[in-house]
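What the coordinates show
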Amino acid sequence: MASLSFGLYLVATPIGNLKDITLRALDVLRQADIVACEDTRTSRTLLNHYAIRPPRLMAYHDFSDERQRQTVIQAIQGGAAVALISDAGTPLIADPGYKLVQACHDQGLPVIPIPGPCAAVAGLIMAGLPTNRFLFVGFITPKDLDWPRETTVVGYVSCHDITKVLSALQQRFGDQAQIALCREITKLHEGTFRGTPQSVSEALSLRAAQDPKIMGGEWVLVAHIAAQVLDPQTLESEIKALVQAHGVKQAVALAQGLWDVPRKTLYAMALKVAKDPSP
Ligand code: SAM
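Throughout this document, residue positions are counted from 1 along each chain, in the order its sequence is written. Where totals are concerned, whole chains, interfaces and linings use all residues; where local detail is concerned, this predicted model gives features only for residues with pLDDT of at least 70, and gives and counts side-chain atom pairs only at 80 or more. Where side-chain values are given, they derive from all heavy atoms of the structure, hydrogens and water being excluded.

1. Let's talk about the sheet that holds strand β3 (residues 56-59)
Strands are labelled as partners when DSSP assigns at least two bridges between them. Here a helix means four or more residues in a row that DSSP labels H or I, a strand means two or more in a row labelled E, and each is numbered from the N terminus. Pairing is parallel across the open sheet formed by five strands, whose spatial order is β3-β2-β4-β1-β5. One side of each edge strand has no neighbouring strand; the edge strands of this open sheet are β3 and β5 (111-114). Taken over all neighbouring pairs, the strand axes of this sheet differ in orientation by 25° on average, direction set aside. Of the pairings in the sheet, the one linking strand β2 (residues 34-37) to β3 comprises four bridges and is parallel in character. Structural elements are reduced to axes, namely lines fitted to C-alpha atoms, with helices fitted over the stretch in contact, and the angle between N-to-C directions of any two is expressed from 0 to 180 degrees.

2. Observations concerning the site of the ligand
Surveying the vicinity of the ligand reveals 18 residues, the closest of which are Thr90, Ile93, Asp95, Ala119 and Trp219. For the ligand, a nitrogen atom lies 2.9 Å from a polar atom in the backbone of isoleucine 15. Within the complex, 90% of the 570 Å² of free accessible area of the ligand lies under protein. Residue assignment for the shell around the ligand shows that the elements contributing at least two residues are β7 (152-157) and β10 (219-225). Classifying every residue of the shell around the ligand by side-chain character gives twelve nonpolar, two polar and four charged. What counts as a domain boundary in this text is fixed by an automatic or database domain assignment. A domain split of the shell around the ligand shows at least three residues from each of domain 1 (7-117) and domain 2 (120-225). Think of it this way: one heavy atom of a residue within 4 Å of a molecule or strand is enough to make that residue near it. Any pair of N or O atoms that falls within 3.5 Å is considered a polar contact. Within protein, one atom must be able to donate a hydrogen and the other to accept it, and sequence-neighbouring residues count only if both atoms are side-chain atoms. Accessibility throughout is a Shrake-Rupley quantity obtained with a 1.4 Å probe, and a residue counts as covered only by protein chains that appear here. Classification used: nonpolar for Ala, Val, Leu, Ile, Met, Phe, Trp, Tyr, Cys and Pro, charged for Asp, Glu, Lys and Arg, polar for all others including Gly.

3. Concerning the sheet that holds strand β8 (residues 177-183)
Pairing is mixed in the open sheet, where five strands are placed in the order β6-β7-β10-β8-β9. Looking at the sheet topology across the chains shown, the edges are occupied by β6 (134-139) and β9 (191-195). Here the strands of the sheet are splayed against their neighbours by 15° on average, with no regard to which way each runs. Pairing of β6 with β7 involves four bridges; the strand directions are parallel.

4. Side note on the pattern of salt bridges
The salt bridge criterion pairs a side-chain nitrogen of Lys or Arg with a carboxyl oxygen of Asp or Glu, the two atoms within 4 Å. According to the stated counting rule, one finds seven salt bridges in the structure shown. Glutamate 218 serves as the salt-bridge partner of lysine 187, at 2.8 Å between the closest nitrogen and oxygen. Linking lysine 187 in the loop between β8 and β9 with glutamate 218 in the loop between α7 (197-210) and β10, this pair joins segments that are 31 residues apart in sequence. Only protein chains enter the area calculation, which uses a 1.4 Å probe; residues under 20% of their type maximum are buried, those over 50% are exposed, and those in between are partly exposed. According to the relative accessible area criterion, lysine 187 is partly exposed, its value standing at 26%. With its nearest N and O atoms 3.1 Å apart, the salt bridge here joins glutamate 236 to lysine 272. Of this pair, glutamate 236 sits in helix α8 (residues 232-246) while lysine 272 sits in helix α10 (residues 263-275); the two residues are 36 residues apart in sequence, bridging distant segments of the chain. Residue classification places glutamate 236 among the partly exposed residues on the basis of a relative accessible area of 26%. Within the structure, one salt-bridge network assembled from shared partners comprises Glu184, Lys187 and Glu218.

5. Points about the side chain of histidine 224
Examined against the element boundaries, histidine 224 turns out to sit in strand β10. Here histidine 224 falls in the buried class, since its relative accessible area comes to 15%. By definition, residues are in contact when any of their heavy atoms lie within 4.5 Å. Contacts of histidine 224, omitting those with residues within four sequence positions, involve Leu129, Pro130, Glu150, Thr151, Thr152, Gln176, Ala177 and Gln178.

6. Quick notes on helix α9 (residues 248-258)
Listed in full, the buried residues belonging to α9 are Ala251, Val252 and Ala255. The arc that holds the buried residues of α9, viewed along the axis, is 100°, so those residues lie on one side. Against α8 and α10 lie the buried residues of α9. Taken from the helix axis, the directions to the C-beta atoms give the arc we talk about.

7. With respect to the domain arrangement of the protein chain
The domains assigned to the protein chain are domain 1 (7-117), domain 2 (120-225) and domain 3 (232-275). The distance between the C-alpha centroids of domain 2 and domain 3 comes to 32 Å.

8. Focus: the packing of aromatic side chains
Two rings belonging to Phe, Tyr or Trp (six-membered ring only in the last case) form a pair when the distance between their centres is within 6.5 Å. Interplanar angles under 30 degrees mark stacking, angles over 60 mark edge-to-face geometry, and anything in between is tilted. Scanning all chains against the criterion turns up four aromatic pairs. Ring geometry for phenylalanine 139 versus tyrosine 156: centroids 5.7 Å apart, planes at 65°, classification edge-to-face. Taken together, the residues phenylalanine 139 in strand β6 and tyrosine 156 in strand β7 connect sequence positions 17 residues apart. Look at phenylalanine 139 and you get exposed, because its relative accessible area is 54%. Members of the aromatic cluster, joined through ring pairs, are Phe136, Phe139 and Tyr156.

9. Remarks on the environment of threonine 192
On the secondary structure map, threonine 192 appears in strand β9. A relative accessible area of 30% means that threonine 192 is categorised as partly exposed. Linking threonine 192 and valine 137, residues 55 residues apart in sequence, is a C-alpha distance of 19 Å. If sequence neighbours within four positions are ignored, threonine 192 has contacts with Met126, Ala180, Leu181 and Cys182.

Here is the structure:
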């Protein structure tokens, strides 16, 4: 590889298996003038594994480090190639970097992605749920489950929240949710639990009774919530409420995301209720 030109390189690193790193990522890390990372001790383990000794290794976090951000910007302005990595996976995905990337663009400095592992994408492709349309929701908490239907949702779950998130999902969506909980992806104890929130919860409890350590580690949750099935009368009154709040066009668009009903039928219903003067 020719020597690196100046700019900010966003370098994806392994999420477990150290072999999951691209040749290009290694080239960039070997040649960067500065490697900026979340935790210098964590990143040194990866760099040592590949015998990479950057001239400068510095810590960077979006929210505490205005000074660090300026240091990086000035270094790039001075001609440096800076590689940004996170503890694992793709920087900026539930990890620091967005403010730095924004600052580089504001200053007209090159931003170069070096794609590779990302736990969300790895979880999504191993889940066995639809992949044509998905939404990444960052870290999932039991209180924040306002998810669309018919769109696969992918997020990270702390091992301390797994049980609470599963029971919140069960309460909110019941058997309309099909989920996959993927753990320790690319690591020794990689595995997936698939089913409804309740069946996954039961399977996990059984496994935990034999092996309590199963509840630890790192987890990705993938969920697909089926469209709601409503009887025609309820559907009509729901559409009426939508039409009154948003008008016909918007109501049809919203209804399409909620119920598995053809657009033509929704549109006809919306027009009918729009003409109906009763409240
Ligand atoms: N930027 C990273 C990426 O691209 O995957 C994600 C960083 S986020 C701070 C860390 C969370 O990602 C973990 O708490 C866990 O939910 C998920 N994660 C990371 N590595 C994982 C793995 N090997 N298996 C399952 N989940 C993982």
